[in-house]
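Commentary on secondary and tertiary structure
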Amino acid sequence: MSDIRSIDELDAKGKKVLVRVDFNAPVDDDGNVTDDTRIRAALPTVRKLVDDGARVILTSHRGRPAGEGYEEDFSLAPIAERLQELIGRDVALSRDIVGPDVQNAADALNDGDIMMLENIRFDKREKKNDPEFARQLASLADAYVNDAFGTAHRAHASTAGVAEILPAYAGYLMQREVDMLTGMLDDPKRPFVAILGGSKVSDKIKVIDALMDKADVLVIGGGMCFTFLLAQGYGVGSSLKEDDWVDAARDMLDAAEAKGVRMLLPVDVVVADAFANDARTEVVAVDAIPDDMMGLDIGPETAKLYSDAIADAASVFWNGPMGVFEMPSFEAGTKAVAEAVAANEAADTIIGGGDSVAAVNKFDLADAMTFISTGGGASMELVQGEKLPGVEALR
Ligand code: ADP
Ligand code: MG
């Protein structure tokens, strides 16, 4: 399907393979990994290499260290420990990322052994994609596998630089992300319904633009719907709005009409007198938003309208919550949409974006979706039609 080189083409036996993973998992104050989703996501790739008799050298970032060397708060030690439990093998953590000590440790690996380099961002040359740093990193191994889709939109030494030096392959997670996202965008089953929400139009303008050329129906919710409602001539009270983007929103409404894309906007909203779960709330039609109140969710009629459109879809892409779903008082719209997507079992359904994925997990509907992207920013850039340095390097 895709033209990136797969790990299945790598003859890994006896080779030292540098594997870029995204092990940026949350860790609590006691050093316990509180959500190991990202570690589990890379297991198929790591297992495959171990089973093939590769000598695996894992590299990842975690958090935002200063880049001036080791910092305990950002160490990968808790991650190495959890991986060890999950995979049932020793995972040796190397304090050094490059240099003679780690070179020796890599050379001493046996077939099937796993070592992990400390947080790659302890060295500030990583984010600069410093060529000398990339060269030193590459010198540890015979081949390179990138399974860190979540950082594929960054041209760093461990995501792009090394791939130019070593033979480079996509891990299974990377492959699946690229296949699923580009597959749906290149050749969606129709009707293709794209649902876009979240906070700001300015954040999502490129995604909306890109989907305008692909989707049959564009469903708009979340904070950004108020800028569209302004463009339609409604008052939006104290809702989140971006005055500078009203013209762009109007252009999009026109473009949708010209292209024959059905654009769905809210017909009713849940308004509140404060940005708080215990605020006084009311459901109002979009032409009756009180001046002193803010819209924090789509209303029930809108949820019904959107759910009906989703029920008719053959493929669905969803990014961005419909309301402030983090507060129970404003979660109903997002929940209704999530349930509608989950209920359409025949459709291909893809969820992208950090908060959208969190919402689907909150409502315990992840298993009902075809694919949940782990990518966040990387998935959005791919959907926007941008070339991701970490993916391009594997072509
Ligand atoms: P994603 O991470 O899925 O791409 P975004 O980051 O764009 O999504 O947006 C998610 C945020 O948008 C959530 O924190 C949510 O509370 C907020 N949001 C949704 N609707 C509204 C609204 N009506 N007013 C203010 N914020 C909103
Ligand atoms: Mg977000």
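Scroll up to find the structure.
The structure contained in this document is the topic of the report that follows. In every chain, residue numbers begin from 1 and rise along the written sequence. Starting at A for chains and at 1 for ligands, labels are handed out in the order in which the entities are written. Local features in this predicted model are restricted to residues whose pLDDT is 70 or higher, and side-chain atom pairs enter the listing and the counts only when it is 80 or higher, whereas totals over whole chains, interfaces and linings include all residues. Side-chain numbers here rest on the full set of heavy atoms in the structure, without hydrogens or water.

Here, a salt bridge means any Lys or Arg side-chain nitrogen found within 4 Å of an Asp or Glu carboxyl oxygen. Evaluation of the coordinates by the stated rule reveals 24 salt bridges. The salt bridge partner of glutamate 132 is arginine 135, with a shortest N-O separation of 2.9 Å. Of this pair, glutamate 132 and arginine 135 are both found in helix α4 (residues 131–138), three residues apart, which corresponds to roughly one turn of the helix. Residue exposure (1.4 Å probe, protein chains only): buried if accessible area is under 20% of the type maximum, exposed if over 50%, otherwise partly exposed. What makes glutamate 132 partly exposed here is its relative accessible area of 36%. On the basis of relative accessibility, which here comes to 45%, the residue arginine 135 falls in the partly exposed class. We note a salt bridge from arginine 250 to aspartate 247, for which the minimum N-O separation is 2.9 Å. With arginine 250 and aspartate 247 both in helix α9 (residues 246–259), this residue pair falls three residues apart, about one helical turn. In this text, helices come from DSSP runs of H or I with a minimum length of four residues, and strands from runs of E with a minimum of two, each type numbered from the N-terminal end.

For cavity detection a 1 Å grid was placed over the protein atoms alone, and a set of points counts as a cavity when a 1.4 Å probe fits there but cannot get out; an open set counts as a pocket when protein lies on both sides within 12 Å along at least five of seven lines, with lining residues being those that have an atom within 4 Å of a point. Grid points are joined across faces, edges and corners, and a volume is the space filled by probe spheres set on the points. Inspection of the entire model under this criterion finds one cavity of 30 Å³ or more. Here the largest cavity is characterised by a volume of approximately 70 Å³. Around the largest cavity, the lining residues are Asp22, Arg38, Ala41, Asp147, Ala148, Phe149, Gly150, Leu173 and Thr374. Just so you know the grouping, Ala, Val, Leu, Ile, Met, Phe, Trp, Tyr, Cys and Pro go in nonpolar, Asp, Glu, Lys and Arg go in charged, and all remaining residues, Gly too, go in polar. The class makeup of the residues in the lining of the largest cavity is four nonpolar, two polar and three charged.

Sheet architecture is open: six strands sit in the order β9-β8-β7-β13-β14-β15, paired in parallel fashion. Two strands lie at the open edges of the sheet, namely β9 (262–264) and β15 (371–372), each paired on one side alone. The pairing of strand β13 (residues 315–319) with strand β14 (residues 348–351) spans four bridges and is parallel. In the strand pairing of β14, valine 316 is matched with threonine 349. Contacting β7 (192–196), β13, β14 and β15, helix α6 (residues 172–186) runs over the sheet at an angle of about 120° to β14. Sheet strands in contact with helix α11 (residues 332–343) are β7, β13 and β14, and its direction is about 150° off that of β13. Pairs of strands are assigned from DSSP output, requiring at least two bridges between the strands. Only heavy atoms enter the contact rule, under which two residues are in contact if any of them lie within 4.5 Å. Think of each axis as a best-fit line through the C-alpha atoms, taken over the contacting stretch in the case of a helix, with angles from 0 to 180 degrees between the N-to-C directions.

Each aromatic ring pair is characterised by the separation of its centres together with the angle its planes make. Each Phe, Tyr or Trp ring (for Trp, its six-membered ring) is paired with any other whose centre lies within 6.5 Å, and the angle between the two planes then decides the class: stacked below 30 degrees, edge-to-face above 60, tilted in between. With the rule as written, the count across this model stands at one aromatic pair. With a centroid separation of 5.6 Å and 70° between ring planes, the pair formed by tyrosine 70 and phenylalanine 122 is classed as edge-to-face. Highlighted residues: tyrosine 70 in the loop between β2 (55–59) and α2 (77–87) and phenylalanine 122 in the loop between β4 (114–117) and α4, separated in sequence by 52 residues. The rule is short: NZ of Lys or CZ of Arg within 6 Å of the ring centre and within 35 degrees of the ring normal puts a charge over the ring. Arginine 5 extends its terminal NZ or CZ atom over the ring of tyrosine 169, reaching a point 4.8 Å from the ring centre. Between the NZ or CZ atom of arginine 95 and the centre of the ring of tyrosine 70, over which it lies, the distance is 3.5 Å.

In the region of ligand 1, 19 residues are neighbours, and Lys204, Asn319, Glu326, Asp355 and Ser356 sit closest. For this analysis, a polar contact is any N or O atom pair within 3.5 Å, provided that within protein one partner can donate a hydrogen and the other can accept it, and provided that sequence-adjacent residues contribute only side-chain to side-chain pairs. Here a nitrogen atom of ligand 1 sits 3.1 Å away from a polar atom, N or O, in the main chain of glycine 295. Of all elements in the fold, only β12 (294–298) and α12 (354–362) reach the threshold of two or more residues within the shell around ligand 1. Top element by residues in the shell around ligand 1 is α12. It accounts for three residues. Considered class by class, the residues forming the shell around ligand 1 number five nonpolar, eleven polar and three charged. If even one non-hydrogen atom of a residue comes within 4 Å of a molecule or strand, that residue is called near it.

How two helices sit against one another is set out by the angle between their axes and by the gap between those axes. Taken N-terminus to C-terminus, the directions of helix α1 (residues 37–51) and α2 make an angle of 60°; their axes are 11 Å apart at the nearest point. The angle between α1 and α2 places the two elements in the oblique class. Remark: the crossing between α1 and α2 carries right-handed chirality. For the pair formed by α1 and α2, the contact residues are Ile39, Arg40, Leu43, Val46 and Arg47 on the first element and Ile79, Arg82, Leu83, Leu86 and Ile87 on the second. Taken together, the residues of the contact of α1 with α2 sort by class into seven nonpolar, no polar and three charged. Put simply, angles under 35 degrees are roughly parallel, angles over 145 are roughly antiparallel, angles from 65 to 115 are roughly perpendicular, and the rest are oblique. In this scheme, a crossing is called left-handed if the near helix is turned counterclockwise away from the far one by less than a right angle; it is called right-handed if the turn is clockwise.

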